[in-house]
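Residue strings, one per chain:
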Amino acid sequence: MAEPPEIETLPRDRDREVGGKRLKSVEVPGSGLIPRHTNKKQFSSLLEGAKIGNVQRKDLLLVAKLDTGDALVIDIHDGGQLRRSAAKDPVEKPTKAIITFTQGGQLRILDTTGKAEAFVVAYDELATAVPALAELGFDVLDEPVSWTSFGERMLRHRSAKLRNLLLDRTVVSGIGPVYADEILHASGLRPDREVSTLSTQEIRRFFRAVVETLHEGAKHRGVTTSDDQFRDLAGKPGGWTEQLQVFERDGQACLRCRGVVSKVRLAGRTAYLCEACQV
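A brief structural summary. (Residues numbered from 1 in each chain as written. Predicted model: local features only at pLDDT ≥ 70, side-chain atom pairs only at ≥ 80, totals over all residues. Heavy atoms only, no water.)

**Describing the sheet that holds strand 4 (residues 70-75)**
Let me state the cut-off plainly: Here a strand pair is declared whenever DSSP counts at least two bridges between the two strands. Helix and strand assignments follow DSSP, with helices taken as H or I runs no shorter than four residues and strands as E runs no shorter than two, numbered in order from the N terminus. Between N-to-C directions, angles span 0 to 180 degrees; the directions come from axes that are lines fitted to C-alpha atoms, helices contributing only their stretch in contact. Note on definitions: a residue-residue contact is assigned when non-hydrogen atoms from the two residues lie within 4.5 Å.
Pairing within the open sheet is antiparallel, and its four strands lie in the order 2-3-4-8. The open sheet is flanked by strand 2 (52-58) and strand 8 (117-122), the only strands paired with a single partner. Taking each pair of neighbouring strands and ignoring which way they run, the sheet shows an average axis angle of 20 degrees. Packed on one face of the sheet, helix 2 (residues 40-47) meets strand 3 (61-66), strand 4 and strand 8 and runs near 55 degrees to strand 8.

Dropping the structure here:
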C-alpha cells in the first residue's frame, strides 16, 4: 500500500514526464477501474484530445488538471501502479488502462488487487466527488504546519492511542502502517501510548518525527515493502526502503539501541516497534 511519500513521487515524476502533453487515445483493456463511468467509451471520450496541465496530489489521489476544465483522478494507493511506457512495450496482464500521447509514449495504470480506480470529473467539483477530502487533517507534505496547531489537534483526541491517531485521516492526512510505525520509532514513543499521557516535550518530539519522517520518505522516493506494490513511473522500487527502522524488521536488532524489534497486534492490526527504546 502506497502512503503519502510514495504518492508524492508520482505527481513530481508525472508532471515532468506528461505535463503539457495531449492525450491521443485512451484504452481500458481491464475491468473494474472506472466504476463511476457508464462505460469505457464514455470515460475515453472525456480524455481524448485533452491536454494535461499540472499534476497534483490530493491526500492519496493523483489529480491531473486538463485544459477542458476537467480532471483525471487516479487512486492507486492500495495496490495499483503507474508506469511510463513506450507503445512497443508488451502489455502486462495487470494493465487496466493505456493512455497514449500525441507526441508518443504511454502512461499505463496497472492493478493486481482490483482496488485501483480512475475517473474524470469537473475540476471544480472534485470536493463533491470525493467528500472525504473536506475532512482531511494536516498534510505536512503539502503545507507547513506549526507544532502548536498540531498539538492542539492532537489534544482533541486525548484518549486515542498514538498509532490510531496517526491512522486517523482527520488528524493527519493519509498516513498508513509503514510510516506510522516509523514515526513512532523516530519519536521514541510506544504505539499504545494515549495522547493524554504525553508531556509537552513528547508532543513536540512526536510532531517533529511526523514531519521529518514523511519528508525523508518523499525525498528518497518512498518505500517498497514485502508486498512489492509500490513502483515509480520507471518501475523502480522506493529508495527509502533500506532506511526503515522497525517496519517488517521483527526479530532483528533495533538500529538505535540494539534491542530486538517486535511484531505485535494492536487494535486488530500488525505493528512493529522496539520495546526497549520506545516508551
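Continuing now.
**Digging into the pairing of strand 9 (residues 261-266)**
Pairing analysis gives six bridges linking strand 9 to strand 10 (residues 269-274), with the strands arranged antiparallel. Paired with Arg-265 across the bridge in strand 10 is Thr-270. Between strand 9 and strand 10, which pair antiparallel and follow one another directly, the connecting turn spans two residues, one of which, Ala-267, has a positive phi of 50 degrees.

**Quick look at the packing of aromatic side chains**
Heads up, the condition is: A pair of Phe, Tyr and Trp rings is counted when the ring centres sit within 6.5 Å of each other, with Trp represented by its six-membered ring. The angle between the planes then sorts it: under 30 degrees is stacked, over 60 is edge-to-face, the rest tilted. When a residue's accessible area, from a 1.4 Å probe over protein chains only, is under 20% of the maximum for its type it is buried; when over 50% it is exposed; and in between it is partly exposed. Should the NZ of a Lys or the CZ of an Arg lie within 6 Å of a ring centre and within 35 degrees of the ring normal, that charge is described as sitting over the ring.
What the rule picks out here adds up to five aromatic pairs. Seen in terms of ring centroids, Phe-150 and Phe-207 are 5.2 Å apart; in terms of plane orientation they differ by 45 degrees. Their pairing is tilted. Taken as a pair, Phe-150 in helix 4 (residues 147-154) and Phe-207 in helix 7 (residues 200-219) lie far apart in primary sequence, 57 residues in all. Judged on exposure class, the residue Phe-150 and its partner Phe-207 are both buried. Where Tyr-179 meets Trp-240, the ring centres are 5.9 Å apart and the plane angle is 5 degrees; that geometry is what we call stacked. Residue Tyr-179 is found in helix 6 (residues 177-187), and its partner Trp-240 is found in the loop between helix 7 and strand 9; the two are separated by 61 residues along the sequence. The exposure classification of Tyr-179 matches that of Trp-240, with both residues buried. Pairwise contacts between aromatic rings join Phe-138, Phe-150, Phe-206 and Phe-207 into one cluster. In this structure, Lys-21 packs its charged tip against the face of Phe-101, placed 5.8 Å from the ring centre.

**Side note on the environment of Lys-65**
Structurally, Lys-65 is set in strand 3. Sequence separation of Lys-65 and Val-55 is 10 residues, and the distance between their C-alpha atoms is 6.3 Å. The contact partners of Lys-65, leaving out residues within four places of it in the chain, are Lys-51, Ile-52, Gly-53, Asn-54, Asp-70 and Tyr-123.

**Comments concerning the pattern of salt bridges**
In plain terms, the rule: What counts as a salt bridge is simple: a side-chain nitrogen of Lys or Arg found within 4 Å of a carboxyl oxygen of Asp or Glu.
Throughout the structure, instances matching the rule amount to 10 salt bridges. Asp-67 is the salt-bridge partner of Arg-22, the closest N and O atoms lying 3.4 Å from each other. Of this pair, Arg-22 sits in the loop between helix 1 (4-18) and strand 1 (23-27) while Asp-67 sits in the loop between strand 3 and strand 4, placing them 45 residues apart in sequence. Residue classification places Arg-22 among the partly exposed positions, given a relative accessible area of 31%. Owing to a relative accessible area of 46%, Asp-67 belongs among the partly exposed residues under this scheme. Through salt bridges with shared partners, a single network forms among Arg-190, Asp-192 and Glu-275.

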